[in-house]
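# Coordinate inspection notes
Listed below are the residues making up each chain.
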Amino acid sequence: MAREGVKQINITMAKKTHDIIRKAWEVEKTDKKLSSWVLEILLLYTEKEKWLKKYAPHLVYVGIDKNGILLRDRHLKDSIVEVKLLDNRLWCQVCKEKNCMHIFYSIGLSHIAKVVDPERDIHK
Ligand SMILES: [Zn+2]
């Protein structure tokens, strides 16, 4: 019987994905159950995405390149801005610096985890 004010979803995932999530949960050493911990992360992710839209409404994530993130900047006439990971530092190809709004926005994106530094590619 469902409890009032509570909804339930079941999520099916690959064993590999489950193992990655479970290992991260174990490393966290939290008192929360795995499901509660995952739910909290999903809520935080949702809130973070909303926050990024308020923080930089002129920026939009476009995609990921081999070693960088592509953004569209309405303040630059909808130009594409490339933020590259070079020598373990993010570098804005438009502003030619490492401390601009494009960098800060990129760090806030979850997609940053997929960017690979060609000089330090641990997957090689
Ligand atoms: Zn920039």
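Structure report, in brief.

Conventions used here
Residues numbered from 1 in each chain as written. Predicted model: local features only at pLDDT ≥ 70, side-chain atom pairs only at ≥ 80, totals over all residues. Helix = DSSP H or I, 4+ residues; strand = E, 2+ residues; numbered from the N terminus. Rg over C-alpha atoms; globule rule 2.2 N^0.38 Å. Buried ≥ 20, exposed ≤ 12 C-beta atoms within 10 Å, placed from the backbone. Contact = placed C-beta atoms within 7 Å. Pairing = 2+ DSSP bridges. Axes fitted to C-alpha atoms, helices over the stretch in contact; angles between N-to-C directions.

## Overview of the overall build of the protein chain
Along its length, the protein chain carries three helices and four strands. Taking 124 residues into account, the globule formula puts the C-alpha radius of gyration at 14 Å, and the protein chain, at 18 Å, lies well above it. For the C-alpha atoms alone, the extent of the protein chain along its principal axes is close to 55 × 35 × 25 Å. Of all 124 residues assigned to the protein chain, the portion counted as buried reaches 10%. A sequence separation of at least 24 residues applies to 34% of the contacts in the protein chain between residues at least 6 apart.

## Digging into the sheet that holds strand β2 (residues 68-73)
Read across the open sheet, the four strands follow the order β1-β2-β3-β4; overall the sheet is antiparallel. If you trace the sheet from one side to the other, it starts and ends with β1 (59-65) and β4 (89-92), each paired once. The sheet shows a mean angle of 25° between the axes of neighbouring strands, taken without regard to direction. Sheet topology places β1 next to β2; six bridges connect them, and they run antiparallel. From the neighbouring strand, Ile 64 faces β2, where its bridge partner is Ile 69. Its contacts with the sheet place helix α3 (residues 101-108) against β1, β2, β3 (79-86) and β4, and it is angled at close to 135° to β4.

In short, shape yes, function no, at least from these values alone.
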